[in-house]
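# Per-entry structural report
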Amino acid sequence: MANQVERMCQEEDLSSDIKDWSKHQVKEWVLKLDGMDSTVAQILVNEEINGACLLDISVKDLRDIGVKFGHARLLIHARDEVLKLRKEEPAYSRNQPEKPCKPYPFCRYHDTFRYMEDSILDVRESNALDLIEPHHEFKAFINTPDETKANKFISDVIHFAAACMNSRTNGTIHFGIGDKREGYVHGQVLGVIIGDIEAYVNDLKSAINAYFEHKHKHAAQMCIKHPRFVGVLNKNITSSDKCVIEVDIVPQSAICKENIYHTYPSKKFMKEAESQASKCFFVRDSGSSKDLLAQPETQEYEQFTESVSTRSNLRKQAEAIHLSVLKSSTQGSRLCHIITGGSLSLDKSNFEQYVIVTNKSHPSQFDSLQFLVDLDPTAVLDFDPESAKHGLKWHFDEHSTVNPHFPSQYQITEGAEDIANRLNLTRNTSWVFCNGGIETKSPSDNDQWLKKKETFIQDVISFLCRKDILPNERFLVIFLILSRVSDKMDPLVETFATFWQELGSTEQIICICDNEKTFTSLKDLIEARCGVNISDKCIYELSFAEVNGTILSLWSENRRSKRFLPCGGGGKVLLERKMERSLNILDVLCVNQCEGGNGDEIAIEENFYKGKISWWNFYFSEQPGSTPFIKRDCFDYIKDTVIPDLCSMRNACVLFNLIHLPGCGGTTLAMHILWALRDRFRCAVLKNISADFAEVADQVIKLLLYDHGEQAPRVPVLLMIDNFDNMDKVLDLQLLIDSECADKNIPSKSAQVILLNCMRSELSETTKQTADTLFIGSKLSENEQKMFEEKLQEIKKTHENAEKLYGFMIMKENFKSEYIKEVVHHTLKSFDINQKNAQLLAILVLLDVYCKGTSLSISLCEEFLGLQSKPVCGTTKIEQGFGEFSTLITRCSVEGKIVFSAVKVIHPRISRQCLQELTTTHKVKKADIVHLLLATDELYVSTQGKDNLMQDVCNILVKKYHTPEESKFTPLIQDIIKETPGLEETVLKSASKRFEKDATVSQLLARYYYLKKKDFSEAKFWAEKAKALFKDSSNIADTSAQVMKHELNNFIVNLNGELISPDKLRTFLEMAESTIDAFKETQNLAKQESLQRISIKTDNSHFNTLGYLGEIQVESFITNVLEKIPVFSSDSNRQEIMRQVLSGDIQLDRVEREDPWKHRNRPYYVILQKFEYLLYTLKHRMKANFDFLDSLHVNLGSRFGMKDNRDQLFQNELFRCFKQYAKIFCKSDSESHLKNKTLHIGLKLLQTRQSLEKEKVDTHCGILNCLSKGTSAEMMEMIARQYSFVCKHDGSPTERVNLIYVHVVLSCIKPDSQQLQPYPALTSLLLGVLREEIHLADSLALHFIAIVLLWPQSSSPVCKDFQSYISQMKTSYNALMKEVYNGKSPIIHFLLGKKQGYERLVHVGKIKKGLKAGQKQLISLWRSGKIWKEETMLELLCRVTGEVTTSRDCILADTCFLDLRVEVSPMYPSQISGLAEGSKVSFFIGFSIKGPLAFDIELL
């Protein structure tokens, strides 16, 4: 039994003390006992029995927890045998030494090397081979009492150090290493427990000063290195609290010279045995230190001191030999060559990106790893589980921005570029924790890692090596070996093997370590695993400090220099690299941008003159000998007038639009303005217009607030945004930034963020300048032409082919069409569509014409052209692949889901002319190019930019552009139809194959077949396919309904005016009912989408109203058809019957009974009765949909509270349908009925209401709309009389509310009208309605007009419930409009004026008239905020005062009644951000259905 127990403990590598066993080790020990059941082991685990519990447990205890008596006795006996064996064993045999190990590297502190308990140091204490190889001295130090440990440590170190210094030899003294004299194996690692580490460090430093002579204190401090505390691991590789203390001695000849070193024992540190000694002189003697002054004779001492000069020379020679070995290394140049791909400059490196693979780090290494931060690696694969706590990731995080990732996040669960975008892969360093150490992920040993985690790391590597993620053959994998790799199962070995397999060679791999032993171990392991020799791919003779310096030296001075931002008052603040990298969506322009120069001036300028602008171009133009950068005529106006005006605005975020024709220098002008203002503003360019606007706003505010501390920002941000294709997106971004300023409580006495929106326009005519917009056209002024001519002369001096820099030359030639035609014709004279480069150019120009600003990734072009990129030998230039067409392209960088390099056509006009030239001269049609684009598989291989290309191709096929007459198809499809009729179908079929899973392409096919081909069966097929691909899209669902609607319309057209048979009526009504159901589905999906957008908060897409219009159109079809069937078409009386049926006022069976031709019409009645619900509710549904759409149009407008007039086509179609509706349901068209005294009062009321409905003034929205659509005063007076009549004869609450609206609108159109009720009478009527019960649908209209009319004024009594009306209105607004208001804001119907009564209500039309401004000018003034400073506004509007209440983010507006204050919300919350509670402000008030809003808020 005893032998078995001993053998088991050895096999299981259990701790010598049972109390150290875990519950799992107890379980394994029990399972190995003969006669023991596995159930016993499981019971012990369940009861949490560990080693400490096992020592105290008894047989009774075991019985109590369910262990049978026999098993309990066996277990207790086995435990006692273990205790007996441990007791009988001598201490030294109990800890038999294990494997030999090397000592910690000499004079190093950053190694991650740890000792293993009981391992043996394979060095001796005897003298070393030379003066450089260190002597070693071992001290067990474990039996020293705690109270004397510090003194013993100091004494032993001083003796050893003095001996080494006098003997001129390096040395290391180890505390916690046993030797034979103390009963241990010589060199056995024991480890000691240290309490206060700092005490040892500080005491040694003090002791050096105490023991050595004053003149030698400095030398001793330099020779005696700081103590090193090397961790000791338990045998099971778990951490212990033990360490080995080591002190290195380095007596360099330059420090010690020919001095000798006596020591003088300090009373504070001396031992008892040395209390009588006055001074000592220690030297190394074999494996120990000897005091020569303690000898009876002094002869040996004298001989030694006389030989000091000789020893110093020997030391100097030894150092020189050692240094010559180091100096002979050429690995510095190899490192430069490999890491730059042969360019020897990181600024021009042939590698675009870097991936780091690393293992366990040590804090002392961090100062030598700055190059990692500068390399800005795409990804770091980190195998150190403690990296986030105190390892490399923790250090890196101090200096840069990282995204921590799990390996599992790299599994392909969606599109590769979508994953990269979600992980932010190419914008910030992705830190992949490859062996746990983050959140709940626990680390594994090597064996477990291979079983559990290797597959996930293989997924990461496979993902990074995809050609559509990182640039093919243009990224380098750096294995940074921070701790020794000695196990063939080490994860780094497997990781290397996976990269080697994925990349196909070691050309893109480099290994960096800092010593030969680590290199040799790694090389041998990799050679055994992969069969490749990595010697020529390894750097190991340089220290990490030397590696760091070498790599950093490869950057230009500009890249190494600090960067600064303005901070107000002419001062500057350092822009920390971590902050700059965290602003990864912005290209930040610093005050000292480009300073330090760049060797690529010629290449950079050439790119500029081909169409690619950079900050360097402005910098070069300011250098001595250069002509100034060309100033456009409007440059000074924008810089010196527009920007200062914007700074004075009260909104936190203001906007100025620079609208320009493509290729006319708009982007260059905007960047020139930023460059000129970089010392007065914090300037930046938005790099990715597709970025999440919430993230953009957050980064802009970070830039604004950076390094301001508690102070308010003093320097605004000037943000340039370029290439937006939708002004709505620009306005959304502006409001989001404004909102972010409010959320951050940033005071905004003036503009904090200025958006310089550089936007392309296809309109060739000059756009009139407005308050916030300037247009740049394609015609240079004489002054501009003169400057371009001068610049050309300068260019000719430095560029051989200046005339081929077409981007510049086109502008220099003032955009002359003849010049562009000549250039294109000459360049394309050898064009052959069968050549690859010609095909690629054709594709590129087609895409650029129909999808502005398109580019193709260089990786994709290389793949298509068959170019092989070999970065280590220098890249093959893509320009060479394009051959003679290379003068028409230029390079660019694309910020999409990933960041990549690309090529584009140098100028939009070049693209258009190329396409024309291909058609006319080379007979290459657009359909041919599109077919080539869609059918060529090589274009869609997995390369960088594939997703961008797919999206661009999809856009040119699918994305329509809003024109005065909205087109049915994209410009490309329309041009193909004109150029090669019929081939568009072939193109679209090809598109359906290429984009098989894209719902929008299937939707396009459906639209083509129902609009162009009238093939409704085929259209339905594609519409259903689109729905299957995108089930929850209201837009896709609408297409399916549109197919049915057009088929229905086609059915009507095919009737050709002939009599409609019962069968055809049945078919028609079945189709109509199905179509209405389809449009209702669209409506429901639109509501769901809108609610989802509200929850997302960043999607400002508008509510989809197409389903409502579609239903109205179908119902109009029904009325048209029903008018033609015998039941309703015989005379006007029968049409009145139809009106009543469709209104639900009369049943069909009654109509049939009273029909004189009922037998003849019987088949029709049978059909109609099957669709009773459809018919009886038709008028109600049409009316409800009209009212719903009117409410949206009248009450909700742009994000700035103005009416949106862009949906005019929609409104025109709606009006056409309403005319059809009115013809059927609104017969009365004059007020003659009111004068006819013979008519029954009920009939008069009916006809009057029909008349009001016909004029669309039977709702408050319709009445308000009279102000916008220019209703005449006469018409409004007639409407007022009609409503007075209705209300006089028991009008409903809704009609009385409408009457109030009529009088308010009439007062705006004709203030002196005789039909106007006195203002007090109107308010009295209003108060009466407010006391009645009102339906929710009418509540919003009622409370809005109540707020407008009852706003406190001195001539009227106070309304006690006024504040409650505002609350009720806001509640009604959210209840009624929540589904539809996303992306819009309530329209401001009235503003509060200075006068009393009706005149106090100022409509926008009155402001427009007073300003003498057109609609665009009015919107521009309103949007910019400049309107509030206009004299007209100051004359008309009342400026109200109030107090800010920060708790509710609103203002309590003062009224003429001291005890009444009204809550008013700021239109721009940023205007009250940063203001203290109770701050007094003044402002104008606007009235919307969401509540009163404050404009132009100023602090009093």
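See above for the structure.
Anyway, here's the lowdown on the structure attached to this text. Just so it is clear, the model here is predicted, and its values are computed rather than measured.

## Concerning the overall build of the protein chain
The number of helices and strands found in the protein chain is 65 helices and 39 strands. Summarising its shape, the C-alpha atoms of the protein chain cover approximately 150 × 95 × 70 Å along the three principal directions. Residue pairs at least 24 apart in sequence account for 72% of intrachain contacts in the protein chain once pairs closer than 6 positions are excluded. When the accessible surface of the protein chain is totalled, it reaches about 64900 Å², and 49% of it is carbon and sulfur. Separation between the mean location of the 185 positive side-chain charges and that of the 199 negative ones in the protein chain comes to 5 Å.

## Digging into the environment of I1052
Residue placement: I1052 occurs in helix α45 (residues 1034-1053). A residue is classified by how much of its surface remains accessible, and I1052, at 21% relative accessible area, is partly exposed. Once the C-alpha coordinates of I1052 and I858 are considered, the two residues, 194 residues apart in sequence, prove to be 55 Å apart. Setting aside its immediate chain neighbours within four residues, I1052 contacts F1068, F1117 and V1121.

## Remarks on helix α38 (residues 908-920)
Taking 1.5 Å of rise per residue, the 13 residues of α38 would be expected to cover 18 Å, and the 19 Å separating its terminal C-alpha atoms lies within 8% of that figure. Burial within α38 is extensive, with 10 of its 13 residues counted as buried. Within α38, the full set of buried residues consists of P908, R909, I910, S911, Q913, C914, L915, E917, L918 and T919. Elements in contact with the buried residues of α38: α33 (806-812), α34 (817-827), α35 (836-850), β30 (899-905), α39 (926-935) and α41 (971-979).

## Regarding the side chain of N955
Topologically, N955 is positioned in helix α40 (residues 946-958). According to the relative accessible area criterion, N955 is buried, its value standing at 19%. With sequence-adjacent residues up to four places away left out, N955 is seen in contact with C851 and T970.

## Description of the packing of aromatic side chains
Enumeration according to the criterion identifies 44 aromatic pairs in this entry. Judged by centre distance (5.7 Å) and plane angle (75 degrees), the ring pair of F281 and F304 falls under edge-to-face. Of this pair, F281 sits in the loop between α11 (253-256) and β11 (282-285) while F304 sits in helix α12 (residues 299-306); the two residues are 23 residues apart in sequence, bridging distant segments of the chain. Both residues of the pair, F281 and F304, count as buried. Each residue in the set F141, F153, F175, Y200 and F229 is aromatic and connected to the rest through ring pairs, giving one cluster. Looking at R1007, its charged tip hangs above the ring of F969, at a distance of 5.7 Å from the centre.

## Overview of unusual backbone geometry
Phi is positive for E48, which is not a glycine, with a value near 60 degrees. Classification of E48 by relative accessible area gives partly exposed; the value is 48%. Unusually for a residue other than glycine, K1014 sits at a positive phi of about 55 degrees. Within the secondary structure, K1014 is located in the loop between α43 (999-1013) and α44 (1016-1029).

## Focus on the pattern of salt bridges
Between side chains of opposite charge, a pair can form when the charged atoms approach closely. Summed over all chains, the structure comprises 73 salt bridges. One salt bridge connects K290 with E300, and the closest N-O pair in it is separated by 3.0 Å. Residue K290 is located in strand β12 (residues 288-291), and its partner E300 is located in helix α12; the two are separated by 10 residues in the primary sequence. The residue K1429 makes a salt bridge to E1498 at a minimum N-O spacing of 2.7 Å. In this pair, K1429 sits in the loop between α64 (1415-1424) and α65 (1431-1436) while E1498 sits in strand β39 (residues 1491-1499), placing the two residues 69 residues apart along the sequence. Residue classification places K1429 among the partly exposed positions, given a relative accessible area of 45%. Among the charged side chains, a network of salt bridges with common partners joins K1429, R1439, D1496 and E1498.

## Considerations on the packing of α43 against α44
Packing of α43 against α44 brings their axes to within 8 Å, and their N-to-C directions diverge by 160 degrees. Considering their axes alone, α43 and α44 lie roughly antiparallel with respect to each other. In this structure, the crossing between α43 and α44 has a hand that is left-handed. Counted together, A999, S1002, Q1003, L1005, A1006, Y1009 and Y1010 of α43 and F1016, E1018, A1019, W1022, A1023, K1025, A1026 and L1029 of α44 form the full contact between these two elements.

## Section: the side chain of R315
Examined against the element boundaries, R315 turns out to sit in helix α13 (residues 308-327). Looking at R315, the relative accessible area reads 2%, which means it is buried. A polar contact of 2.9 Å, which involves the side chain of R315, links it to the side chain of N170. Within polar-contact distance, the side chain of R315 engages the backbone oxygen of P251 at 3.3 Å. With residues near it in sequence (within four places) discarded, R315 still touches L131, I132, R168, T169, N170, V250, P251, Q252 and S253.

## Some words on the pairing of β39
In terms of burial, β39 is largely enclosed, as 7 of its 9 residues are buried. In the sheet, strand β37 (residues 1461-1466) pairs with β39 via 2 bridges, with the strands oriented parallel. Note on β39: the bridge partner recorded for P1466 is A1494. Of the pairings in the sheet, the one linking strand β38 (residues 1480-1488) to β39 comprises 7 bridges and is antiparallel in character. Within β39, the position partnered with F1484 by the bridge is F1495.

## Some thoughts on the nonpolar core
I638, I910 and L957 are the most contacted members of the largest nonpolar core, which totals 168 residues. Among the elements that make up this core, the one with the highest residue count is α35 (11 residues). Discounting chain neighbours no more than four positions away, the residues touching I910 are I810, I820, V823, V824, L888 and V905. A1086, C1226, F1390 and L1460 belong to the second-largest nonpolar core, a separate cluster that totals 128 residues.

## Brief notes about the sheet that holds β30
Here 3 strands make up an open sheet; going across it, the order is β28-β30-β29 and the pairing antiparallel. Unpaired on one side and paired on the other, β28 (856-857) and β29 (889-895) mark the two borders of the sheet. Note: β29 against β30, 7 bridges, orientation antiparallel. The residue bridging V894 from the neighbouring strand is F900, located in β30.

## Comments concerning the pairing of strand β4 (residues 135-139)
The buried fraction of β4 amounts to 5 of the 5 residues, a majority that puts the element mostly inside the structure. Where burial is concerned, the two faces of β4 agree: the one with H135, E137 and K139 and the one with H136 and F138 are both buried. Here β4 pairs with strand β5 (residues 171-175) via 5 bridges, running parallel. In the sheet register, H135 faces β5, and the bridge partner there is G171. One crossover worth recording links β4 to the parallel β5 by way of helix α8 (residues 146-167), and it is right-handed.

## Describing the packing of helix α61 (residues 1336-1350) against helix α62 (residues 1362-1377)
For any two helices packed against each other, the geometry is given by the interaxial angle and the distance between the axes. The contact between α61 and α62 brings their axes to 8 Å, and the two run at 140 degrees. The pairing of α61 with α62 is recorded here as oblique in orientation. In this structure, the crossing between α61 and α62 has a hand that is left-handed. On the side of α61, the interface is formed by L1336, A1337, S1339, L1340, H1343, F1344, A1346, I1347 and L1350, while α62 contributes F1362, Y1365, I1366, Q1368, M1369, S1372, Y1373, A1375, L1376 and M1377. Looking at side-chain class alone, the contact of α61 with α62 contains 15 nonpolar, 4 polar and no charged residues.

## Brief notes about the sheet that holds strand β13 (residues 353-358)
Taken in spatial order, the 7 strands line up as β15-β16-β14-β13-β17-β18-β19 in an open sheet, and their pairing is parallel. Of all the strands in the sheet, the pair left with one neighbour each is β15 (402-405) and β19 (538-539). Taken strand by strand, helix α20 (residues 454-464) contacts β13, β14 (379-382), β16 (429-433) and β17 (475-480), and its axis lies near 160 degrees from that of β14.

## Structural notes on the state of the cysteines
Following the criterion strictly, the structure yields 0 disulfides and no others. C1217 takes part in no disulfide bond, and the closest cysteine sulfur to it belongs to C1226, at a distance of 14 Å. The class for C1217 is buried, based on a relative accessible area of 0%.

Parameters and conventions
- Residues numbered from 1 in each chain as written.
- Predicted model: local features only at pLDDT ≥ 70, side-chain atom pairs only at ≥ 80, totals over all residues.
- Heavy atoms only, no water.
- Helix = DSSP H or I, 4+ residues; strand = E, 2+ residues; numbered from the N terminus.
- Contact = heavy atoms within 4.5 Å.
- Areas by Shrake-Rupley, 256 points an atom, 1.4 Å probe, with all protein chains shown as cover.
- Lys, Arg positive; Asp, Glu negative; His and termini not counted.
- Charge placed at Lys NZ, Arg CZ, Asp CG, Glu CD.
- Buried < 20%, exposed > 50% of the residue type's maximum accessible area, 1.4 Å probe, protein only.
- Expected span 1.5 Å × (residues − 1).
- Phe/Tyr/Trp six-rings, centres within 6.5 Å; stacked < 30°, edge-to-face > 60°.
- Lys NZ or Arg CZ within 6 Å of the ring centre and 35° of its normal.
- Salt bridge = Lys/Arg side-chain N within 4 Å of Asp/Glu carboxyl O.
- Axes fitted to C-alpha atoms, helices over the stretch in contact; angles between N-to-C directions.
- Parallel < 35°, antiparallel > 145°, perpendicular 65-115°, else oblique.
- Left-handed = near helix turned anticlockwise from the far one by under 90°.
- Polar contact = N/O pair within 3.5 Å; in protein donor to acceptor, adjacent residues only side chain to side chain.
- Pairing = 2+ DSSP bridges.
- Core = buried A, V, L, I, M, F, W, Y, C linked by side-chain atoms within 4.5 Å.
- Right-handed = clockwise from strand over helix to strand, strands pointing away.
- Nonpolar A, V, L, I, M, F, W, Y, C, P; charged D, E, K, R; others polar.
- Disulfide = S-S within 2.5 Å.

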